[in-house]
Amino acid sequence: MTSKTRWILLSLMLASLGHAPACAEDYPTRPITIVVSLAAGSGMDTITRLYADKLSEALGKPVVVENKPGAATTLAANQVATARPDGYTLVVLTSIALSINPTLFKHLNYDPEELTPISLYVKSPFVLVVDPSLAAKTVAEFVELAKKSNPPLNFASIGTGSVQHMSMEFAKQRLGFEATHVPYRAVTQSVTDLIGGHVAASFLEAGLSIPLIKDGKLRALAVSSAQQLPLLPDVPPFAAASGATDYEGVSWHMLLVPSKTPQPIIDRLHAEMKRIMLNPGIREKISALGLIPNDSPTVEEMRRYVRSEQSKWGAMVRQLGLEGSQ
């Protein structure tokens, strides 16, 4: 049976249920909604609105951005994983939703396999920052200090199981030092305590930390991405600075659809997003936010990447005894 025949049969079957999909050449015939799993005004939201306008132009229909933050991104993930698979409801998720939550949550209200990747377009690196009064100006000095400290140094994150938390635990595992985790509910409070010297270190989002680094309120030791950030030309990647060559602890943004969305629609969306995200103007605006534009991998490459991230961070969650803790 050819793919065209399968498509016709699927269309007839769905038509009998009252919601036939549009053919690839007809799609879309009405507005599309992109559900964003973080709040309005966040970096994810800003970038989504950038490419939503371009996607609307390419498809000839409005593309509406709907913010649905909360519950560690599970609200947005569940909404789209259970939505009608017709290409009209998409979701933007970060790595926590697809690579950490499946192990961290005891009863997750969605299955990552229920979502198909359309575009992995951005990586969001963190910056290892410390209180400027701390006697450490390099990663090596920080690790040496951490190994000698009694009681152990402490570090802040935006919550247990967050990518920032896992990134520090990964560093501890690879380099053999101890540090006590101090989770915060609000990143603003963690930054205030960092500046005040109440916590020693943290992996902070680049866009948030760069102004504080330039003002001398925080000291940057390394970036968590494999490559250097143009906005921090003097700050090395953690992997290079530490000798842990396999180290990368980043979040990422991915656009997805329900897994049973017809292949022609997936292909159309993937092709349009690939073209849009290679636009130099879009990439420049992403870089200006302290993020890293990502080359457009194939759908299968994205699936493999998600599974590798699930394996990496899932193992860390289990090692910390956090499996099913939320």
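Reference entry: report on the structure contained in this document. Along each chain, the written sequence defines residue order, and numbers are assigned to residues from 1. Whole-chain, interface and lining totals are the exception, using all residues; otherwise, since this is a predicted model, local features are given only for residues with pLDDT of at least 70 and side-chain atom pairs are given and counted only at 80 or more. Side-chain calculation: all heavy atoms of the structure are included, whereas hydrogens and water are not.

## Considerations on unusual backbone geometry
Look at the link from tyrosine 27 to proline 28: it is a cis peptide, with omega at -5°. With respect to the secondary-structure elements, proline 28 resides in the loop between helix 1 (3-16) and strand 1 (32-36). Note the cis peptide between asparagine 150 and proline 151, where omega equals 5°. Secondary structure elements follow DSSP: runs of H or I no shorter than four residues count as helices, runs of E no shorter than two count as strands, and numbering proceeds from the N terminus. Topologically, proline 151 is positioned in the loop between helix 5 (139-148) and strand 6 (153-157).

## Some words on the packing of helix 2 (residues 43-59) against helix 10 (residues 263-277)
Only the stretch in contact is used when fitting a helix axis, every axis being a line fitted to C-alpha atoms; angles between N-to-C directions are given from 0 to 180 degrees. Between helix 2 and helix 10, the shortest axis-to-axis distance is 10 Å and the interhelical angle comes to 125°. Taken together, the axis directions place helix 2 and helix 10 in an arrangement best described as oblique. Once helix 2 is placed against helix 10, the crossing between them reads as right-handed. Residues Tyr51, Lys54, Leu55, Ala58 and Leu59 of helix 2 touch helix 10, and the partners they reach there are Arg268, Leu269, Glu272, Met273, Arg275, Ile276 and Met277. What sets the label is the angle itself: under 35 degrees gives roughly parallel, over 145 gives roughly antiparallel, 65 to 115 gives roughly perpendicular, and the rest give oblique. Left-handed is the label given to a crossing in which the near helix is rotated counterclockwise from the far helix by less than a right angle, and right-handed is the label when the rotation is clockwise. Residue contacts follow a heavy-atom distance rule, with two residues in contact if any of their heavy atoms lie within 4.5 Å.

## Some words on a nonpolar patch on the surface
Patch rule: a residue counts if its relative accessible area is over 30% and it has no salt bridge; like charges are joined within 9 Å, and nonpolar side chains (Val, Leu, Ile, Met, Phe, Trp, Tyr) within 5 Å. What sets the accessible areas is the Shrake-Rupley method with a 1.4 Å probe; for residues, cover comes only from the shown protein chains. Take a side-chain nitrogen of Lys or Arg and a carboxyl oxygen of Asp or Glu: if they are within 4 Å of each other, that pair is a salt bridge. Among the surface-exposed residues, Ile158, Val187 and Leu208 lie close enough to one another that they form a single nonpolar patch of about 200 Å² accessible area. Mapped onto the elements, leucine 208 comes out in helix 8 (residues 206-214).

## Digging into the packing of helix 4 (residues 95-104) against helix 12 (residues 299-319)
Orientation of helix 4 relative to helix 12, taken along the N-to-C sense of each, is 40°, at an axis distance of 8 Å. As summarised for this structure, helix 4 and helix 12 are arranged oblique, according to the angle between their axes. For the crossing formed where helix 4 meets helix 12, the hand is right-handed. Across the interface between the two elements, Leu98, Ser99, Ile100, Thr103 and Leu104 from helix 4 touch Val306, Glu309, Gln310, Trp313, Gly314, Val317 and Arg318 from helix 12.

## Here's the deal with the environment of leucine 231
Looking at where leucine 231 falls in the secondary structure, it is placed in the loop between strand 9 (219-223) and helix 9 (238-242). Since its relative accessible area comes to 33%, leucine 231 is described here as partly exposed. Once the C-alpha coordinates of leucine 231 and aspartate 246 are considered, the two residues, 15 residues apart in sequence, prove to be 23 Å apart. Setting aside chain neighbours within four positions, we find leucine 231 in contact with Ile210, Lys214, Ser287, Ala288 and Gly290. Each residue gets one of three labels from its accessible area relative to the maximum for its type: buried under 20%, exposed over 50%, partly exposed in between, using a 1.4 Å probe on protein chains only.

## Quick notes on the pattern of salt bridges
Side chains carrying opposite charge are able to pair once their charged atoms draw close together. On inspection of all chains with the given rule, the structure shows 11 salt bridges. Arginine 49 serves as the salt-bridge partner of aspartate 45, at 2.9 Å between the closest nitrogen and oxygen. Residue aspartate 45 and its partner arginine 49 are both found in helix 2; the two are separated by 4 residues, about one turn of the helix. Taking relative accessible area as the criterion, aspartate 45 reaches 4% and is therefore assigned buried. The class of arginine 49 is partly exposed, set by a relative accessible area of 35%. Two residues, glutamate 272 and arginine 268, come together in a salt bridge whose shortest N-O distance is 3.4 Å. Of this pair, glutamate 272 and arginine 268 both sit in helix 10, 4 residues apart, which is roughly one turn of the helix. By relative accessible area, which is 23% here, arginine 268 ends up partly exposed. The network of salt bridges with shared partners includes Arg268, Glu272 and Arg275.

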